[in-house]
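Residues per chain, in single letters:
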Amino acid sequence: DAIAVVGMACRFPGAEDLARFAELLWAGRSAIGAVPAERAALLHGAALRHGGFLTGVDLFDAEFFRITRREADGVDPQQRLFLEVAWEALEHAGIAATALAGTRTGVFAGVHARDYAELHGGPPDSVGPHWSTGVDASYVAGRLSYFLGLHGPSMAVDTACSSSLAALHLACQSLRAGESTLAIAGGGKLLLAPRLSVFLGKAGALSPSGACRAFDARADGMVQGEGCGVVVLARLSDARRRGDRVLATIRASAINHDGASGGLTVPSPRAQADLYRLAVERAGIEAHALDYLEAHGTGTRLGDPVELEGIARVYGAAGRE
């Protein structure tokens, strides 16, 4: 059974909702800018000149989500962001969030950044009663399940750059297995501490020009960004039976690892091509029939050629021969 996308919501730089995001894309505008003044102290020494930043990440309606003010002060803003966007996605799907209590609704959240934990890494005696539930990644998903009273799987997924896509894959698998009757999947990221940016800068991964020019001879690195995206998923047969609005369908998904390559962070064109073949095989379609492909597109001289080679092996002229 295909998986139906019945609701979605987002919070991206320059786009606070789906409509504004669509406007930004159609207009071809860039949401990349300088580090906001209010983040300068947090990101001091990060060598981060440009990025895509959200506004108002310190704002949160704790009372609405039944969180005390004392606890809310220690809650990772990524948790707050995921709660808000997930609620908006359910509204977009026309699903009353309060009606999901006791159902096998699963929550799958892609989480990679641990910036808030870094900011609160004081001495042991500074740890309060809400420290773990505030900064541990598992609570990004767990807090939503708790708030809505959900009985389905609830997990945070960290596979680095692919965390949200891996979470989406696991959500589809859970729906197909009957483990979940509905699934909320997505992920988010905020830039709140300097360490990750320092690492990326020293690794030569950040663009000094502040522009990610994927598959371009001028490519000089990636640009970090913030945001959150959430989709509400159901088996297509269930969505049709309930009369849900079907925004899109997921025919198949697949995940793998590059294995032993030129280095721990170096991709493998062979492994990536194998993954593409598996995905189209599961979907029951021909690779050359695809109209659109979203790439990782790191904008680096190492990653771009490898990714393009893997794509060409399956979707390009080589894949049709």
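A brief structural summary. All figures in this text were calculated on a predicted structure; none of them were measured in a lab. (Residues numbered from 1 in each chain as written. Predicted model: local features only at pLDDT ≥ 70, side-chain atom pairs only at ≥ 80, totals over all residues. Heavy atoms only, no water.)

All right, on to the pairing of strand E6 (residues 182-189) then. Taken across its eight residues, E6 has six buried, putting it largely inside the fold. As paired elements, strand E4 (residues 105-110) and E6 share six bridges and run parallel to each other. In the strand pairing of E6, Phe 108 is matched with Ala 185. Pairing of E6 with strand E7 (residues 227-235), which is carried by seven bridges, proceeds in the antiparallel orientation. Paired with Gly 187 across the strands is Gly 229, a residue of E7. (Buried < 20%, exposed > 50% of the residue type's maximum accessible area, 1.4 Å probe, protein only. Helix = DSSP H or I, 4+ residues; strand = E, 2+ residues; numbered from the N terminus. Pairing = 2+ DSSP bridges.)

The next subject is helix H11 (residues 303-314). Over its twelve residues, H11 runs 17 Å from end to end, which matches the ideal 16 Å to within 8%, given 1.5 Å per residue. Along H11, the positions that sit buried rather than exposed are Gly 303, Asp 304, Val 306, Glu 307, Gly 310, Ile 311 and Val 314. (Expected span 1.5 Å × (residues − 1).)

Attention shifts here to the packing of helix H10 (residues 269-283) against H11. Remark: H10 packs on H11, axes separated minimally by 8 Å, with the N-to-C direction vectors making an angle of 40°. One way to sum up the angle between H10 and H11 is to call them oblique. Read as a crossing pair, H10 and H11 show a hand that is right-handed. Of the residues in H11, those in contact with Pro 269, Arg 270, Gln 272, Ala 273, Tyr 276 and Arg 277 of H10 are Val 306, Glu 307, Glu 309, Gly 310, Ile 311, Arg 313 and Val 314. Partitioning the contact of H10 with H11 into residue classes produces six nonpolar, two polar and five charged. (Axes fitted to C-alpha atoms, helices over the stretch in contact; angles between N-to-C directions. Parallel < 35°, antiparallel > 145°, perpendicular 65-115°, else oblique. Left-handed = near helix turned anticlockwise from the far one by under 90°. Contact = heavy atoms within 4.5 Å. Nonpolar A, V, L, I, M, F, W, Y, C, P; charged D, E, K, R; others polar.)

Let us look at the sheet that holds E7. The mixed open sheet is built from six strands, whose spatial order is E5-E4-E6-E7-E1-E8. Here the strands that pair on one side only, and so sit at the sheet edges, are strand E5 (154-157) and strand E8 (248-250). Sheet twist, expressed as the mean angle between neighbouring strand axes with direction ignored, is 25°. Contacts from helix H6 (residues 138-148) reach E4, E5 and E6 within the one sheet, and its direction differs from that of E5 by about 155°.

Below, the discussion takes up the environment of His 50. Mapped onto the fold, His 50 is located in strand E3 (residues 50-51). In this structure, the C-alpha to C-alpha distance between His 50 and Ala 211, residues 161 residues apart in sequence, is 8.4 Å.

We now examine a nonpolar patch on the surface. Nonpolar side chains collect at one region of the surface, where Ile 285, Leu 290 and Leu 293 lie side by side and expose about 200 Å² of accessible area between them. With respect to the secondary-structure elements, Leu 290 resides in the loop between H10 and H11. (Patch = residues over 30% accessible without salt bridge, like charges linked within 9 Å, V, L, I, M, F, W, Y side chains within 5 Å. Areas by Shrake-Rupley, 256 points an atom, 1.4 Å probe, with all protein chains shown as cover. Salt bridge = Lys/Arg side-chain N within 4 Å of Asp/Glu carboxyl O.)

In this fold, Gln 272 is placed in helix H10. Excluding residues within four positions of it along the chain, Gln 272 makes contact with Asp 258, Pro 267, Val 306 and Glu 307.

Once that is clear, we can look at the packing of helix H3 (residues 77-92) against H6. At a minimum axis distance of 9 Å, the contact between H3 and H6 shows a crossing angle of 50°. Considered as vectors, H3 and H6 are oriented oblique to each other. The two elements H3 and H6 meet at a crossing, and its hand is right-handed. From H3, Gln 78, Gln 79, Phe 82, Leu 83, Ala 86, Trp 87 and Leu 90 reach across to H6, where they touch Tyr 139, Val 140, Arg 143, Leu 144, Phe 147 and Leu 148. Classifying every residue of the contact of H3 with H6 gives ten nonpolar, two polar and one charged.

In this section: the pattern of salt bridges. As enumerated under the stated definition, the model contains 14 salt bridges in all. Of the charged contacts in the structure, one is a salt bridge between Glu 71 and Arg 143, with a shortest N-O distance of 3.2 Å. Of this pair, Glu 71 sits in helix H2 (residues 69-72) while Arg 143 sits in helix H6; the two residues are 72 residues apart in sequence, bridging distant segments of the chain. The same class applies to Glu 71 as to Arg 143, namely buried. Where Asp 244 meets Arg 242, a salt bridge forms, and the shortest distance between an N and an O atom there is 2.8 Å. For Asp 244, a relative accessible area of 19% translates into the label buried. A cluster of three or more residues bridged by salt bridges with shared partners is formed by Arg 11, Glu 84 and Glu 88.

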